Amino acid sequence: MSKTFEQWVELYNQKNWDKFKRDERFEIFYTPEKGFAEIGDTGKMIVVNQMCGEFKFWRDVAEKASRASGYKVAGTICIRPILPYIRLADFQINRIEETKLGNRYFCTDKHTGQKGQASPAGKGTYFITWEVTADDV
């Protein structure tokens, strides 16, 4: 479904407790059909910051940028309930570790075998990292 950037931001704000505020440390990417994502390079990995739209599309964008930069890992921040996003990413939970901030989930992509991890960061926020394969699988 095609939307303007402003409409995607409005949808983001409807779904998230933390409203969209442009972070200039990240480059903004937008397509009317797929949504938007702030994506940056930390020097060690590609990170997707704020994102709204087709999750798998933006994951693929981050992985392609990671490969182009020679990185073996990518990451994102999730401020929504984590378990639906683990399922949406086609990851299967292998192990759960209890931490002071909440559960840490160790996962494997059901289709590619890529390993991933969702680590609690407080206030319902998770840092998610996953391995990037050498080429598209």
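Use the structure listed above.
Residues numbered from 1 in each chain as written. Predicted model: local features only at pLDDT ≥ 70, side-chain atom pairs only at ≥ 80, totals over all residues. Heavy atoms only, no water.

Break down the overall build of the protein chain for me, citing the residues and quoting the values.
Within the protein chain, the regular secondary structure consists of 3 helices and 8 strands. For the protein chain, the α and β elements follow one another from N to C terminus as α-β-β-β-α-β-α-β-β-β-β. In summary, the protein chain has a C-alpha radius of gyration of 15 Å against a globular reference of 14 Å for 137 residues, a match within 12%. Based on the C-alpha atoms only, the size of the protein chain along its principal axes is roughly 40 × 35 × 30 Å. (Helix = DSSP H or I, 4+ residues; strand = E, 2+ residues; numbered from the N terminus. Rg over C-alpha atoms; globule rule 2.2 N^0.38 Å.)

Break down the sheet that holds strand β4 (residues 73-78) for me, with residues and values.
The 8 strands are arranged β1-β2-β3-β4-β8-β7-β6-β5 in an open sheet whose pairing can be described as mixed. Where the open sheet ends on each side, the last strands, each with one partner, are β1 (27-31) and β5 (91-99). With direction set aside, neighbouring strand axes in the sheet form an average angle of 25 degrees. Note: β4 against strand β8 (residues 125-131), 6 bridges, orientation antiparallel. Looking across to β8, one finds that V73 is bridged to E131. In this fold helix α1 (residues 5-15) packs onto β1, β2 (35-41) and β3 (46-53), with an angle of close to 95 degrees to the strand it touches most, β3. (Pairing = 2+ DSSP bridges. Axes fitted to C-alpha atoms, helices over the stretch in contact; angles between N-to-C directions. Contact = heavy atoms within 4.5 Å.)

I'd like a description of the packing of aromatic side chains, backed by residues and values.
On inspection of all chains with the given rule, the structure shows 9 aromatic pairs. Here F20 and F36 contribute two aromatic rings whose centre-to-centre distance is 5.1 Å and whose plane-to-plane angle is 75 degrees, an arrangement assigned as edge-to-face. Of the two residues, F20 is situated in the loop between α1 and β1 and F36 in strand β2; the sequence distance between them amounts to 16 residues. A residue is classified by how much of its surface remains accessible, and F20, at 17% relative accessible area, is buried. On the basis of relative accessibility, which here comes to 0%, the residue F36 falls in the buried class. Between F57 and W58, the ring centres sit 4.8 Å apart and the planes meet at 85 degrees, which makes this aromatic pair edge-to-face. (Phe/Tyr/Trp six-rings, centres within 6.5 Å; stacked < 30°, edge-to-face > 60°. Buried < 20%, exposed > 50% of the residue type's maximum accessible area, 1.4 Å probe, protein only.)

Can you break down the side chain of N16 residue by residue, with the values?
Summarising the element assignment, N16 is placed in the loop between α1 and β1. Residue N16 is classed as buried on the basis of its relative accessible area, which comes to 8%. A distance of 2.8 Å separates the side chain of N16 from the backbone oxygen of Y12, its partner in a polar contact. Residue contacts for N16: discarding those within four places in its chain leaves I79 and R80. (Polar contact = N/O pair within 3.5 Å; in protein donor to acceptor, adjacent residues only side chain to side chain.)

By themselves, these are just geometric observations and shouldn't be taken as functional.
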